[in-house]
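# Structural overview for review
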Amino acid sequence: MGNVKVRVNISNIARGPSHGKSKVYKLGQEFICTEEEANRLGKDVTVIETLTEPVKPSKSR
Amino acid sequence: MTNAYTQYSKSVDSELVQPLQNVTVGRRLVYVTAPKGFGVTSVDWGKISDMSGGYVSYGFADGNEDMIDVALTNSKVPVYWKDYKVDRRLYNGWMINNTDMDVSAAQSAGYVATATEDAAIINGVTRNGTTYDINGLYQGAGNNYSTSADFGTYGNAMAAIAGAKQLMVDDGIPAYNIPLNLALSSEQYGELEKSTDNGFDEWPKVLRMLNGGSVYPVPSTVLGVGTGMLLPTPSVGRPYVDFFSTSNFRTEHGVDSKHPDTSDLYGRVYSAGILRIKHANAICKLSNI
């Protein structure tokens, strides 16, 4: 799964790792996350852009 | 005969209410209004929006009034129901001999209808599993603590509750001073129940953080695995969210008119009401636990 840019639709979303400080994103703010996380957040966010991953050049033998 | 069926329905109702009250979770999470009558099919109500900030000065000045920003909403009131059949001979036995009434069919139907109402209150009403026609508490929450906090690890439940309370307080909900209820998907409830570290259980600490509120398990079919939510208890939560009830759980019975003396008894158990989230920021979902 790739990454997406999303916009927050609710008052606050706190995100972060389990052992670290969480960051709070407020209504209207945007952040980049995985598609999986965007799916989990559901309608709390709107996907505004799907980010294409840079294509790695294949190694020639 | 109508009177006999009504009498039978009343008898079933009296045997049904207590067991259903024991299994319902949704009605224990929110303030439930007195039933307004089954004929009430819609309700107008106001969603509170934020006002501008208050003022400080050495005197009062005119022209600073805000209108209370209330978005008027009209909601249709859905019905939660399930039909069932009662064997005619069992019914006749109850009529003639006054034998113990078998309410198992009604009770089973009642549990299903209760689960439907619970799902509507706790999560919402959806037909396709993704789009919600009516938001429940979880779908309508204004805050989301999505920081990874697996309840299987000691300390994460406390961290999640602390984080959720902080989000609510920053939105003007006095989460540090009012009793809060914590509703958890059954798996996370189990993890919290057994969470311990060097003999120190996490459960009593979590209860202390709820300021007198309780922890409720919700079937994972209603509230998905890895999720939960924090919200004010019904005693203080009425300004933020309530369940506008038009009918408590009741039953009705009738027979097929083609065979009035021998057909099975057809029963229906039903309730009606709608969840009204007046201030969404008073609910904080925990979506990554």
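Residues numbered from 1 in each chain as written. Chains lettered and ligands numbered in written order. Predicted model: local features only at pLDDT ≥ 70, side-chain atom pairs only at ≥ 80, totals over all residues.

## What to know about the overall build of chain B
When you go through chain B residue by residue, the secondary structure sums to eight helices and 15 strands. Per-residue burial for chain B yields a buried fraction of 35% across its 289 residues. In chain B, the share of contacts with a sequence separation of at least 24, taken over all contacts with a separation of at least 6, comes to 80%. (Helix = DSSP H or I, 4+ residues; strand = E, 2+ residues; numbered from the N terminus. Buried ≥ 20, exposed ≤ 12 C-beta atoms within 10 Å, placed from the backbone. Contact = placed C-beta atoms within 7 Å.)

## A word on the pairing of strand β14 (residues 265-277) of chain B
Residue and element names in this part refer to chain B. Across the 13 residues that make up β14, a large majority, 11, are buried. Note: strand β13 (residues 241-255) against β14, 12 bridges, orientation antiparallel. Of the residues in β14, the one forming a bridge with Arg-250 is Tyr-270. (Pairing = 2+ DSSP bridges.)

## Digging into helix α4 (residues 104-122) of chain B
All names here are of chain B. The end-to-end C-alpha separation of α4 is 26 Å, in line with the 27 Å expected for 19 residues at 1.5 Å each. If you check which residues of α4 are buried, you get Ala-106, Ala-109, Gly-110, Ala-113, Thr-114, Glu-117, Asp-118, Ala-119, Ala-120, Ile-121 and Ile-122. At the C-terminal side of α4, Gly-124 shows a positive phi close to 140°. (Expected span 1.5 Å × (residues − 1).)

## Side note on the sheet that holds strand β1 (residues 31-32) of chain B
All names here are of chain B. Within the open sheet, the four strands sit side by side as β1-β13-β14-β4. Their pairing is mixed. Of all strands in the sheet, those bounded by a partner on one side alone are β1 and β4 (79-86). Of the strand pairs in this sheet, β4 and β14 are connected by eight bridges, and their pairing is antiparallel. Bridged to Val-79 within β14 is Ala-272. In the packing of α4 onto the sheet, the strands contacted are β4, β13 and β14, and the crossing angle to β4 comes to about 165°. (Axes fitted to C-alpha atoms, helices over the stretch in contact; angles between N-to-C directions.)

## Notes on the nonpolar core
With 70 residues, the main nonpolar core has Ile122(B), Leu137(B), Ala164(B), Met229(B), Leu230(B), Ile283(B) and Cys284(B) as its most contacted residues. Sequence-distant contacts of Leu137(B), that is, excluding residues within four places in its chain, are made with Leu29(B), Ile121(B), Ile122(B), Met229(B), Leu231(B), Val241(B) and Ile283(B). (Core = buried A, V, L, I, M, F, W, Y, C linked by C-beta atoms within 7 Å.)

## Some words on the sheet that holds strand β1 (residues 3-8) of chain A
Within a beta sheet, neighbouring strands are joined by backbone hydrogen bonds and run either parallel or antiparallel to one another. Residue and element names in this part refer to chain A. In space, the three strands of this open sheet follow the order β4-β1-β5, with antiparallel pairing throughout. Of all strands in the sheet, those bounded by a partner on one side alone are β4 (30-34) and β5 (45-51). The mean angle between the axes of side-by-side strands here comes to 35°, regardless of whether they run parallel or antiparallel. Here β1 runs beside β4; their pairing, made up of five bridges, is antiparallel. In the sheet register, Val-4 faces β4, and the bridge partner there is Cys-33.

## Looking at the interface of chain A and chain B
Taken together, the contacts link 14 residues of chain A with 16 residues of chain B. Contributions of two or more residues to the side of chain A that touches chain B are made by β2 (12-15) and α1 (35-41) of chain A. With four residues, the top contributor of residues to the side of chain A that touches chain B is β2(A). Its residues assigned to classes, the side of chain A that touches chain B shows six nonpolar, five polar and three charged. Inspection of the sheet shows β2(A) paired to strand β7 (residues 143-145) of chain B by three bridges, in the parallel sense. When the sheet's bridge partners are listed, Asn12(A) is paired in β7(B) with Asn143(B). (Nonpolar A, V, L, I, M, F, W, Y, C, P; charged D, E, K, R; others polar.)

## Quick look at the confidence of the model for chain B
Looking at chain B as a whole, its pLDDT mean stands at 88, while 92% of the residues score no less than 70. Model confidence for the complex is summarised by a pTM of 0.87, with the ipTM given as 0.82. (pLDDT = per-residue confidence, 0-100.)

## Structural notes on the environment of Ser245(B)
All names here are of chain B. Positionally, Ser-245 belongs in strand β13. In sequence terms Ser-245 and Val-77 are 168 residues apart; their C-alpha atoms lie 8.6 Å from each other. Excluding anything up to four places from it in sequence, Ser-245 contacts Val-32, Thr-33, Pro-35, Lys-36 and Gly-273.

## Points about unusual backbone geometry
All names here are of chain B. A positive phi angle, near 50°, is found at Asn-198, a position not held by glycine. For Asn-198, the position within the fold is in the loop between β9 (196-197) and β10 (200-201). On the basis of neighbour counts, which here come to 5 C-beta atoms within 10 Å, the residue Asn-198 falls in the exposed class. A positive phi angle is found at Asn-211, which is not glycine, with a value near 55°. One can find Asn-211 in the loop between α7 (203-209) and β11 (215-218).

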